[in-house]
Amino acid sequence: MKSWKIKKKIKPAKKCYEHLGGKLGELLLETFADKKWIAQNNPEEKHFYITELGEKEFSKLGIDLSKIKSEAI
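Computed from a predicted structure; not experimentally measured.

The rules behind the values
- The residue numbering used here restarts from 1 in each chain and proceeds along that chain's sequence as written.
- Side-chain atom pairs in this predicted model are given and counted only at pLDDT of 80 or more, local residue features only at pLDDT of at least 70, and totals for whole chains, interfaces and linings cover all residues.
- The side-chain quantities take in all heavy atoms of the structure and omit both hydrogens and water.
- Only runs of H or I of at least four residues qualify as helices and only runs of E of at least two qualify as strands under DSSP, and these elements are numbered from the N terminus.
- In this treatment the radius of gyration is a C-alpha quantity, and the globule benchmark scales as 2.2 Å times the residue count to the 0.38 power.
- Only protein chains enter the calculation, and the probe is 1.4 Å; a residue is then buried if its accessible area is under 20% of its type maximum, exposed if over 50%, and partly exposed in between.
- Residues count as neighbours in contact if any of their non-hydrogen atoms are within 4.5 Å of one another.
- Using the Shrake-Rupley algorithm and a 1.4 Å probe, accessible areas are obtained, with residue cover drawn only from the displayed protein chains.
- Two residue types count as positive, namely Lys and Arg, and two as negative, namely Asp and Glu; His and chain ends fall outside the count.
- The location of each charge is read from NZ of Lys, CZ of Arg, CG of Asp or CD of Glu.
- Whenever a carboxyl oxygen of Asp or Glu lies within 4 Å of a side-chain nitrogen of Lys or Arg, that contact is scored as a salt bridge.
- Aromatic rings from Phe, Tyr and Trp, taking only the six-membered ring of Trp, are treated as a pair when their centres fall within 6.5 Å; an angle between ring planes under 30 degrees marks them as stacked, one over 60 as edge-to-face, and anything in between as tilted.

Undergrad: Would you mind going over the overall build of the protein in detail, with residue names and values included?
TA: Helix and strand content of the protein: 2 helices and 4 strands. Starting at the N terminus and ending at the C terminus, the protein contains elements arranged as β-β-α-β-β-α. The C-alpha radius of gyration computed for the protein amounts to 17 Å, which surpasses the reference 11 Å derived for 73 residues by more than 25%, pointing to a less compact arrangement than a globule. Looking at the protein as a whole, 12% of its 73 residues qualify as buried. The long-range share in the protein, meaning contacts at least 24 apart out of those at least 6 apart in sequence, stands at 9%. Of the roughly 7400 Å² of accessible surface on the protein, 55% is carried by carbon and sulfur atoms. In the protein, 16 positive and 11 negative side-chain charges are present, and the distance between their average locations comes to 16 Å.

Rendered as structure tokens:
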């Protein structure tokens, strides 16, 4: 009897160092920014911070934000 392997189409998610990269990371970033869960002080910079709304919404998703180091802005 021949063994058949079913090929699944998958959507890749790429982990790059300590962050999520690739298209999934890009889509999440855009979505979180659109929803105002994250924001930038200066649109010219690449850095974002989590807003108060983001803290509430990420918490609802069960994401433990205490694992993210806080910085003064």
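Undergrad: If you had to explain the pattern of salt bridges to someone new, which residues and values would you point to?
TA: Counting across every chain of the model gives 2 salt bridges. A salt bridge links Lys23 to Glu26, with the nearest nitrogen and oxygen atoms 3.5 Å apart. With Lys23 and Glu26 both in helix 1 (residues 22-34) and 3 residues apart, the pair spans about one turn of that helix. Assessed through its relative accessible area of 52%, Lys23 is described here as exposed. Judged by relative accessible area, which is 37%, Glu26 ranks as partly exposed. Between Lys60 and Glu57 there is a salt bridge, and its shortest N-O distance comes to 3.2 Å. Note that Lys60 and Glu57 are positioned in helix 2 (residues 52-60) at a spacing of 3 residues, about one turn of the helix.

Undergrad: Summarise the packing of aromatic side chains; cite the residues concerned and give the values.
TA: Counting across every chain of the model gives 3 aromatic pairs. Ring plane angle 85 degrees and centroid distance 4.9 Å describe the contact between Phe32 and Phe58, whose orientation is recorded as edge-to-face. Note that Phe32 is positioned in helix 1 and Phe58 in helix 2, a separation of 26 residues in sequence. Comparing Phe32 with Phe58 shows no difference in burial state: the two are buried. Here the aromatic cluster, defined as three or more aromatic residues joined through ring pairs, consists of Phe32, Trp37 and Phe58.

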